[in-house]
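# Structure at a glance
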There are 2 protein chains.
Amino acid sequence: MSKLTIYGDTISGNCLKAKWVAERLRIPFDWKETSVVAGETRTPAFLALNPWGQVPFVVLADGRGLAQSNAIMLHLAEGSALIPGDAYDRAKMFEWLFWEQYSHEPTIAVRRFRVTFQRLRGDERDRELETRGNAALKRMDEALAGRRYFVGDALTLADIALVAYTRWAGDGDYDLAAFPHVGSWIARVEGDLGLRAEDAR
Amino acid sequence: MSKLTIYGDTISGNCLKAKWVAERLRIPFDWKETSVVAGETRTPAFLALNPWGQVPFVVLADGRGLAQSNAIMLHLAEGSALIPGDAYDRAKMFEWLFWEQYSHEPTIAVRRFRVTFQRLRGDERDRELETRGNAALKRMDEALAGRRYFVGDALTLADIALVAYTRWAGDGDYDLAAFPHVGSWIARVEGDLGLRAEDAR
């Protein structure tokens, strides 16, 4: 048995999810920096490893591979306090995990990528992402009113999945000041994960 | 304790996922037909029940609500053979469930909705959905070569999630004949679920 290997790009929130869960649960791992922008997920060598051609991708200690950020988190966190023991709370966590991939990442993360790395802003697609992303942030703000975390009263994978790109939303021209519950929740989760707010981009 | 209630629209594959899992596991339920096209998910009464304003939405036997098709399936199927007992197989099932929501539903289901219900075809968005949807179908076809199901050798939630819109892909102008492994898998899963192929639209 060797050690967990995480192939990831540190500019990708999806990749950091896997890193944060491994760190939080004290699972030893090697991080292999793999740049999406530089095409390193599309080389023949990487595609032989992971036909999905995406990061994050992990090679588990037993040599088997796994893709999809939320699937990786669920596998690493199995049996830990990051997954609620109560069946209904666990179902609510899944609700947020699937919502994150369907409604949050394709707006908040995509707009941040366009603005920050492609210098694309103000076009029709940007305006669509602005509207849909603000709707997602509003939904989060309403859910967090009077709550410390998304599910129950403790940090779960729902918070880790959602904080990854939400803390960078300002880079995508979203105004986080308009969502005060989201703002205080970001600070709380950053504290739990030992992240420094000034690292947020 | 009362009975499970599923609010769903029978033209939505996401809604049928919940129905199929309940039927397969012999969980008694009431089906409340709720038309998206007719705006029934946006009425004040429905929004009071489900602020997400979406179907499927279930009210569990204990009165608590749950949204997101894959989260609903996971909750209903907990402890059943539809979720692999092996940790790695379970992780692979999650890989497909998240991929379905991120890469499959937003292309295959969206194009079918545009073509069938909005009579939108041939525009730039249609061509983008054609390319991305065909890439998703190709990925499924490769994964299914030499396999009966997506994970292990038995029906899991991965198959149920993916068959829901794949069996209707022809309605979205995709040519399923180009993906023979997908075609035989659809017939197999339809058989397992007791669906009649001629019901496919």
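Fair warning: this is a prediction, and the values are worked out from it, not measured in the lab. Along each chain, numbering runs from 1 in the same order as the chain's sequence is written. Chain A is the first chain written and ligand 1 is the first ligand written, with later ones labelled in order. Local features in this predicted model are restricted to residues whose pLDDT is 70 or higher, and side-chain atom pairs enter the listing and the counts only when it is 80 or higher, whereas totals over whole chains, interfaces and linings include all residues. Water and hydrogen atoms play no part in the side-chain values, which are based on all heavy atoms of the structure.

### Describing helix 5 (residues 124-144) of chain B
The α-helix advances 3.6 residues per turn, and as a result positions three or four apart in sequence lie on the same side. Residue and element names in this part refer to chain B. The helix count covers DSSP runs of H or I at least four residues long, the strand count covers runs of E at least two residues long, and both are numbered beginning at the N terminus. Helix span is expected to be 1.5 Å times the residue number reduced by one. With 21 residues, helix 5 should cover 30 Å at 1.5 Å per step; its first-to-last C-alpha distance of 30 Å lies within 8% of that length. Categorising residues by exposure relies on relative accessible area from a 1.4 Å probe, with only protein chains included: less than 20% of the type maximum marks a residue as buried, more than 50% marks it as exposed, and the intermediate range marks it as partly exposed. Among the residues of helix 5, D126, L129, G133, A136, L137, R139, M140, D141 and L144 are the ones counted as buried. The criterion used for residue contact is that any of the two residues' heavy atoms lie within 4.5 Å. Residues of helix 5 that are buried make contact with helix 4 (87-117), helix 6 (157-166) and helix 7 (180-193). The positive-phi residue at the C-terminal boundary of helix 5 is G146, with phi of around 75 degrees.

### Side note on the pattern of salt bridges
By salt bridge we mean one thing: a side-chain nitrogen of Lys or Arg within 4 Å of a carboxyl oxygen of Asp or Glu. On inspection of all chains with the given rule, the structure shows 28 salt bridges over all chains. Linking E95(A) and K92(A) is a salt bridge whose minimum nitrogen-to-oxygen distance equals 3.1 Å. Here E95(A) and its partner K92(A) are both found in helix 4 (residues 87-117), 3 residues apart, which amounts to about one turn of the helix. With relative accessibility at 1%, the residue E95(A) sits in the buried group. The partly exposed category is assigned to K92(A), whose relative accessible area is 22%. Across the pair R148(B) and D153(B) runs a salt bridge, and its minimum N-O distance is 3.5 Å. Residue classification places R148(B) among the partly exposed positions, given a relative accessible area of 42%. In the salt-bridge network here, residues are joined through shared partners; they are R125(A), E128(A) and R132(A).

### Focus on the interface of chain B and chain A
Opposite the 29 residues of chain B that make contact, chain A presents 29 residues. In total, about 2900 Å² of surface goes out of reach between chain B and chain A, with carbon and sulfur atoms giving 64% of it. A 1.4 Å probe defines the accessible area here, and the buried area is the portion of it lost by two parts on being joined, summed over both. Interface area lost by chain B to chain A is led by W52(B), Y88(B) and F98(B), which between them contribute 26%. The tally of links from chain B across to chain A stands at 2 salt bridges.

### Comments concerning the relation of the copies chain B and chain A
Least-squares fitting of one copy onto the other uses the C-alpha atoms of those residues that reach a pLDDT of at least 70 in both copies. Turning chain B through 180 degrees and shifting it by 0.0 Å along the axis lays it on chain A, with an RMSD of 0.0 Å. The two molecules are tied by a two-fold rotation axis, judged by turn and shift. Ranked by how close their C-alpha atoms come to the rotation axis, the residues of chain B are headed by Y102(B), at 2.8 Å. Looking at chain B, 100% of its interface residues are interface residues in chain A too, so the copies touch through the same face.

### Some remarks on unusual backbone geometry
A cis amide bond links V55(A) with the next residue in sequence, P56(A), at an omega value of 5 degrees. Considering the arrangement of structural elements, one finds P56(A) in the loop between helix 2 (44-49) and strand 3 (57-59). Unlike most non-glycine residues, R26(B) shows phi in positive territory, near 55 degrees. Note that R26(B) resides in the loop between helix 1 (13-24) and strand 2 (29-33).

### A short note on a nonpolar patch on the surface
Patch definition: residues above 30% relative accessible area lacking any salt bridge, with like charges linked at up to 9 Å and the nonpolar side chains Val, Leu, Ile, Met, Phe, Trp and Tyr linked at up to 5 Å. Method for areas: the Shrake-Rupley scheme with a 1.4 Å probe, in which residue coverage is limited to the protein chains shown. Taken together, the side chains of V36(A), V37(A), F113(A) and F117(A) define a hydrophobic patch exposed on the protein surface, amounting to about 320 Å² of accessible area. Structurally, F113(A) is set in helix 4.

### Quick word on the pairing of strand 1 (residues 4-8) of chain B
All names here are of chain B. Here strand 1 lies mainly inside the structure; 5 of its 5 residues are buried. A two-sided burial pattern is seen for strand 1, the buried positions comprising L4, I6 and G8 on one face and T5 and Y7 on the other. Strand pairing requires that DSSP identify at least two bridges connecting the strands. With 5 bridges joining them, strand 1 and strand 2 adopt parallel strand pairing. Across the sheet, the residue bridging to L4 is F29, located in strand 2. Looking at chain direction, strand 1 and strand 3 (residues 57-59) are connected through 3 bridges and run antiparallel. Within the sheet, the bridge partner assigned to T5 lies in strand 3 and is V59.

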